[in-house]
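Observations on chain architecture
So the chains spell out like this:
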Amino acid sequence: MGARHAGGVRERGARPAAIDFSEMSASVPARSRFGATLRRDAWWLEILPVIVILGVFGIYATARAFEGRFFEWGPYLSPFYSPLIDPEHRRWPFSPALLILAGPLGFRATCYYYRKAYYRAFFLDPPACAVSESRKSYRGETAFPFVLQNFHRFFLYLAVLFLGFLWYDAIRSFRFDGHFGVGVGSLVLTVNVLLLSLYTFSCHSVRHLAGGSVDCFSCSASGRARHGIWRAVTSLTERHMLLAWLSLVAVGLTDLYVRELACGAIRDLRLF
Ligand code: FES
C-alpha cells in the first residue's frame, strides 16, 4: 500500500515534494544576528521588570545577608536569618544568614520559572520568545554549570524544611512577654510564610511528586486521593509565576520591616 502524498496517496519510495524557501528567505531574519525577530511588539518590555525586581532584590538580599545585624526585634525574626544559628558568634565569626543562605537561594535559583526569567533578562539567551540569541550552538542544560539546575527537586525538600522554621517564627510572633498578642509584625510574618508556602507547593516538582509519575490514577493505589492532590497542586502550579513574584517581594519587605524595627527607625503597632 502506498504512503500518503500531500493531499493524496504517495507511492512507496517516492520523495516528498520539495519546499520552496525562496519566498521565505527575504522575511526570515538571519539566525546569527543577535536580536533579529519578526515580532513587531515591544518584546524588550517583558524583561525590564525582571531586571529591575530581581536586580534590586539581589543587591538588597546580599547586603542584608552580610550585614549580620538588625535581624531580630521582640518576637520577630527576619526570614533571611531563620533558622538563627550561632548569633553570638561562638563558632561562626560571620553573619548567621550566610550559614543558611544556600537553601532558599538554591531553591529560587533552580526554579523552572526563574530560570526562564533570568536566562532572558540577564543572559539574553534568548532575550525573548522568537528573538534570536547570539550563540550558534545549543547544549541546553546538559553541561556544567547549568546541569546543576537538575538539583531543583532536592532543593525543594530543603525548602519544605525551611518552611517549618518560618511557620514556627510566624506562630512565635504572636507571643509578647509570654502572652498572646497581635502586632503588625505578626501579620507581616504570617502573610510572608503563607505566600512562601503557596510558592513552594506550586512548584512543578511537587506536581510531579503528586501525580507526574502516575500513568493511570484509577489503576493505582490511592488513585482517587492522589488525583485530588494532583489537581489541587495543578491549580497552584498554574499561578506559579505570580506566586514566585509575590513571595519574593514579601520576603524582602518582611526582612526590611524587622530591620527597621530593630534599628529603631520605626515602631511596631500592637493591634491587641
Ligand atoms: Fe519554581 Fe519549583 S518550579 S519552585
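Everything numeric in this text was worked out from a predicted model, so none of it was measured.

V50, L54, F107, Y113, Y114, Y199 and W245 are the most contacted members of the largest nonpolar core, which has 22 residues in total. Of all the elements in the fold, those that place two or more residues in this core are α1 (48-67), α4 (112-121), α5 (152-172), α7 (204-212) and α9 (240-262). Sort the elements by how many residues they give to this core and α4 lands first, with 6 residues. Setting aside residues no more than four positions away along its own chain, W245 makes contact with V50, I53, L54, Y113 and Y114.

Quick look at the state of the cysteines now. Inspection of every chain in the model, using the stated rule, returns 1 disulfide. Shown here is the disulfide that connects C216 with C219, its sulfur atoms set 1.9 Å apart. Where C216 bonds to C219 through sulfur, the torsion about that S-S bond is close to 70 degrees, and the disulfide is right-handed.

Moving on, we come to the pattern of salt bridges. Side-chain pairs of opposite charge can arise where the charged atoms are in close proximity. Within this structure, the stated rule accounts for 10 salt bridges. Notably, a salt bridge pairs R39 with E46, separated by 3.0 Å at the nearest N-O pair. The salt bridge partner of E238 is R239, with a shortest N-O separation of 3.9 Å. With relative accessibility at 46%, the residue R239 sits in the partly exposed group.

Per the stated rule, a full pass over the model turns up 21 aromatic pairs. Look at F57 and F80: their rings are 6.2 Å apart centre to centre, the planes differ by 90 degrees, and that puts the pair in the edge-to-face class. Of this pair, F57 sits in helix α1 while F80 sits in the loop between β4 (76-77) and α2 (97-100); the two residues are 23 residues apart in sequence, bridging distant segments of the chain. What makes F80 buried here is its relative accessible area of 13%. Considering the side-chain rings of F174 and F180, the 6.1 Å spacing of their centres and the 5 degrees angle between planes classify their relative orientation as stacked.

What follows deals with the confidence of the model for the chain. For the chain, the mean per-residue pLDDT works out to 89, and 88% of the residues sit at or above 70. Contacts from residues 21-26, a stretch scored under 50 in pLDDT, to residues over four places away or in other chains number 0 contacts.

Time to look at α5. The periodicity of an α-helix, 3.6 residues per turn, causes residues three or four positions apart to be oriented the same way. With 21 residues, α5 extends 30 Å between its outermost C-alpha atoms, agreeing within 8% with the 30 Å of an ideal straight helix rising 1.5 Å per residue. Along α5, the residues classified as buried are H152, L156, A159, F162, L163, L166, D169 and A170. Along the axis of α5, the buried residues cluster in a sector spanning 130 degrees; they form a single face. Structural note: α5 exposes F154, Y168 and I171 on the side pointing more than 90 degrees away from its buried face. Each element contacted by the buried residues of α5 is listed here: β4, α2, α3 (102-109), α4, α6 (184-201) and α7.

Working note: a packed helix pair is described by the angle between its axes plus the distance between those axes. It is at 11 Å that the axes of α1 and α9 come closest, and there the two elements cross at 35 degrees. The interaxial crossing formed by α1 with α9 has left-handed handedness. Counted together, V50, I53, L54, F57, Y60, R64 and E67 of α1 and W245, L248, V251, G252, D255, L256 and R259 of α9 form the full contact between these two elements. Considered class by class, the residues forming the contact of α1 with α9 number 9 nonpolar, 1 polar and 4 charged.

What follows is about the side chain of S205. Its place among the elements puts S205 in helix α7. In contact with S205, other than residues within four places in its own chain, are Y112, H152, R153 and L156.

Turning next to the environment of V147. If you trace the backbone, V147 turns up in the loop between α4 and α5. Classification of V147 by relative accessible area gives partly exposed; the value is 31%. Excluding its chain neighbours within four sequence positions, the residues that come into contact with V147 are E141 and T142.

Definitions and limits used
- Residues numbered from 1 in each chain as written.
- Predicted model: local features only at pLDDT ≥ 70, side-chain atom pairs only at ≥ 80, totals over all residues.
- Heavy atoms only, no water.
- Core = buried A, V, L, I, M, F, W, Y, C linked by side-chain atoms within 4.5 Å.
- Buried < 20%, exposed > 50% of the residue type's maximum accessible area, 1.4 Å probe, protein only.
- Helix = DSSP H or I, 4+ residues; strand = E, 2+ residues; numbered from the N terminus.
- Contact = heavy atoms within 4.5 Å.
- Disulfide = S-S within 2.5 Å.
- Salt bridge = Lys/Arg side-chain N within 4 Å of Asp/Glu carboxyl O.
- Phe/Tyr/Trp six-rings, centres within 6.5 Å; stacked < 30°, edge-to-face > 60°.
- pLDDT = per-residue confidence, 0-100.
- Expected span 1.5 Å × (residues − 1).
- Arc of directions from axis to C-beta.
- Axes fitted to C-alpha atoms, helices over the stretch in contact; angles between N-to-C directions.
- Left-handed = near helix turned anticlockwise from the far one by under 90°.
- Nonpolar A, V, L, I, M, F, W, Y, C, P; charged D, E, K, R; others polar.

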